[in-house]
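# Structural characterization, general
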Amino acid sequence: MVTAQMVKELREKTGAGMLDCKKALTETNGDMAAAEDYLREKGISKATKKESRIAAEGLANIYIDGAKAVILEVNSETDFVSKNEEFKSMIDTIGGALLKSDAKTIDEALEVPCEDGTIKDLIVAKIAKIGEKLSLRRFEIVSLNDNEVFGSYLHMGGKIASLVVLKGASESVAKDVAMQQAAMRPLYVFISDVPEEVVAKEKEIQKELAMNEGKPQDIAEKMVEGRMKKYYKEVCLVEQTFIKDNNLSVGEYVKNNGGEVVRAIRYEVGEGMEKRNDDFAAEVMSQVKGN
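The rules behind these values
Residues numbered from 1 in each chain as written. Predicted model: local features only at pLDDT ≥ 70, side-chain atom pairs only at ≥ 80, totals over all residues. Heavy atoms only, no water. Phe/Tyr/Trp six-rings, centres within 6.5 Å; stacked < 30°, edge-to-face > 60°. Buried < 20%, exposed > 50% of the residue type's maximum accessible area, 1.4 Å probe, protein only. Helix = DSSP H or I, 4+ residues; strand = E, 2+ residues; numbered from the N terminus. Lys NZ or Arg CZ within 6 Å of the ring centre and 35° of its normal. Salt bridge = Lys/Arg side-chain N within 4 Å of Asp/Glu carboxyl O. Pairing = 2+ DSSP bridges. Axes fitted to C-alpha atoms, helices over the stretch in contact; angles between N-to-C directions. Contact = heavy atoms within 4.5 Å. Expected span 1.5 Å × (residues − 1). Polar contact = N/O pair within 3.5 Å; in protein donor to acceptor, adjacent residues only side chain to side chain. Parallel < 35°, antiparallel > 145°, perpendicular 65-115°, else oblique. Core = buried A, V, L, I, M, F, W, Y, C linked by side-chain atoms within 4.5 Å.

Across all of its chains, the model carries 2 aromatic pairs by this definition. Between Tyr231 and Tyr232 the ring centres are 5.8 Å apart and the planes differ by 55°, which places this aromatic pair in the tilted class. Assessed through its relative accessible area of 9%, Tyr231 is described here as buried. The class of Tyr232 is buried, set by a relative accessible area of 14%. Ring geometry for Phe242 against Tyr253: centres 4.0 Å apart, planes inclined by 15°, an arrangement best described as stacked. Of this pair, Phe242 sits in the loop between helix 10 (217–235) and helix 11 (250–256) while Tyr253 sits in helix 11, and the two are 11 residues apart along the sequence. Among the residues examined, Phe242 registers a relative accessible area of 3% and is labelled buried. Among the residues examined, Tyr253 registers a relative accessible area of 13% and is labelled buried. Across from the ring centre of Tyr267, 4.1 Å away, lies the NZ or CZ of Arg138, which sits over that ring.

Pasting the structure below:
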């Protein structure tokens, strides 16, 4: 059964009209993912599928010491706490501790020595003091090889953190690429990073879209190659149009400056996590009244 909530959710994801969303869900027996593909194939959806909603609050940050860097995300329940100086100080302490470690997993990171105990001890102490659930969600430690440089950029006060590694180019070029990544939200760095199943699905969608525009199947299949190039320019960092010079791709810009992109990491706080559906302020008030 197709519900009003399902129609509303599909509309928010695709930008399509209510009736089109309802028809798409009806045609696909309520399968949300299939309904999104249906709308794209019919040319109704305004844009490609949005990434999961931004949900949890907190901050992302980057710490660099010589040839070593760490990018991390620490979550809180409310944006109010994420702006708290004590919360920010805790993240700085965690970042500094991780820079001195070789931790590879969250479990290993939580056991890294930190102040009077471990990172886990620090977080537990802050939870008790601040009164919200806090967590180290993810991190990555990156080391440079010869002739490599870091480029880093924080946006919206730490809601987005972008770290890139370039070989043979300057730090200023690397920062330009980090800013590009922060602003344009690429899903992948290189075309080779796009999973085969994603490529196959996108090709099928583009073929169906062309055929629904009235093109014969053989012509539609030939059109797919050109449309895939456009798709890669949207989702792959090195293929994207460089925001400071629309005549170049990011890869061309870096190459023209004597370098190549080695690696790129982008954290957006809360991406892929569910939003709180409750009213946090009301919850606090109910607890106060209960006491």
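Let us look at the pattern of salt bridges. Following the criterion strictly, the structure yields 15 salt bridges and no others. Note that Lys68 and Asp102 form a salt bridge whose closest N and O atoms lie 3.7 Å from each other. Of this pair, Lys68 sits in strand 2 (residues 68–76) while Asp102 sits in the loop between helix 5 (85–99) and helix 6 (106–110); the two residues are 34 residues apart in sequence, bridging distant segments of the chain. On the accessibility criterion, Asp102 (62% relative accessible area) is exposed. Among the salt bridges present, the one from Arg138 reaches Glu271, with a minimum N-O distance of 2.7 Å. Here Arg138 is found in strand 5 (residues 135–143), whereas its partner Glu271 is found in the loop between strand 8 (260–268) and helix 12 (280–290), with 133 residues between them in sequence. For the pair Arg138 and Glu271, one class covers both residues: buried. When salt bridges with common partners are traced through the structure, they connect Glu57, Asp79, Lys83 and Lys159 into a single cluster.

Here we come to the sheet that holds strand 6 (residues 148–155). Neighbouring strands of a sheet are bound in pairs by backbone hydrogen bonds; such pairs are parallel or else antiparallel. Strands sit in the order 6-7-8 across an open sheet of 3 strands; the sheet is antiparallel. The open sheet has two edge strands, strand 6 and strand 8, and neither has a second partner. Mean inter-strand twist for the sheet, computed between neighbouring axes without regard to direction, equals 15°. Relative to strand 7 (residues 160–167), strand 6 is paired through 8 bridges, and the arrangement is antiparallel. Paired with Phe150 across the two strands is Val165, which belongs to strand 7. Against the sheet, helix 8 (residues 171–184) makes contact with strand 6, strand 7 and strand 8, and its axis sits at roughly 40° relative to strand 6, the strand it touches most.

Attention now moves to helix 5. Between its terminal C-alpha atoms helix 5 stretches 21 Å, which fits the 21 Å expected from 15 residues at 1.5 Å a residue. If you check which residues of helix 5 are buried, you get Phe87, Met90, Ile91, Ile94, Gly95, Ala97, Leu98 and Leu99. Its side-chain oxygen at 2.6 Å from the backbone nitrogen of Glu86, Asn84 defines the N-terminal cap of helix 5.

What follows covers the packing of helix 3 (residues 32–41) against helix 9 (residues 196–212). Where helix 3 contacts helix 9, the two axes come as close as 8 Å, and the packing angle between them is 40°. The orientation of helix 3 with respect to helix 9, classified from their angle, is oblique. Counting all contacts with helix 3, which are made through Asp37, Arg40 and Glu41, the residues of helix 9 involved are Lys201, Glu202, Ile205, Gln206, Glu208, Leu209 and Asn212.

Turning next to the nonpolar core. Ranked by internal contacts, the top residues of the largest apolar core, which has 25 residues, are Leu72, Ile94, Leu98 and Ile119. Broken down by secondary-structure element, the contributors of at least two residues to this core are strand 1 (57–65), strand 2, helix 5, helix 6, helix 7 (119–130) and strand 5. Looking at this core, the element that brings in the most residues is helix 5, giving 7 residues. Leave out the neighbours within four places in its chain, and Ile119 touches Ile94, Ala97, Leu98, Ala109, Leu110, Val112 and Cys114. In this structure, Val173, Phe242, Val254 and Val261 belong to the second largest nonpolar core, which totals 17 residues.

A word on the environment of Ala67. The topology assignment puts Ala67 in the loop between strand 1 and strand 2. On the basis of relative accessible area, Ala67 is assigned to the partly exposed category, the value being 42%. Sequence-wise, Ala67 and Ser143 are 76 residues apart; in three dimensions their C-alpha atoms are separated by 5.6 Å. What Ala67 contacts, discounting residues up to four positions off in sequence, is Val142, Ser143, Leu144 and Phe150.

Function cannot be inferred from these measures alone, as they are strictly geometric.
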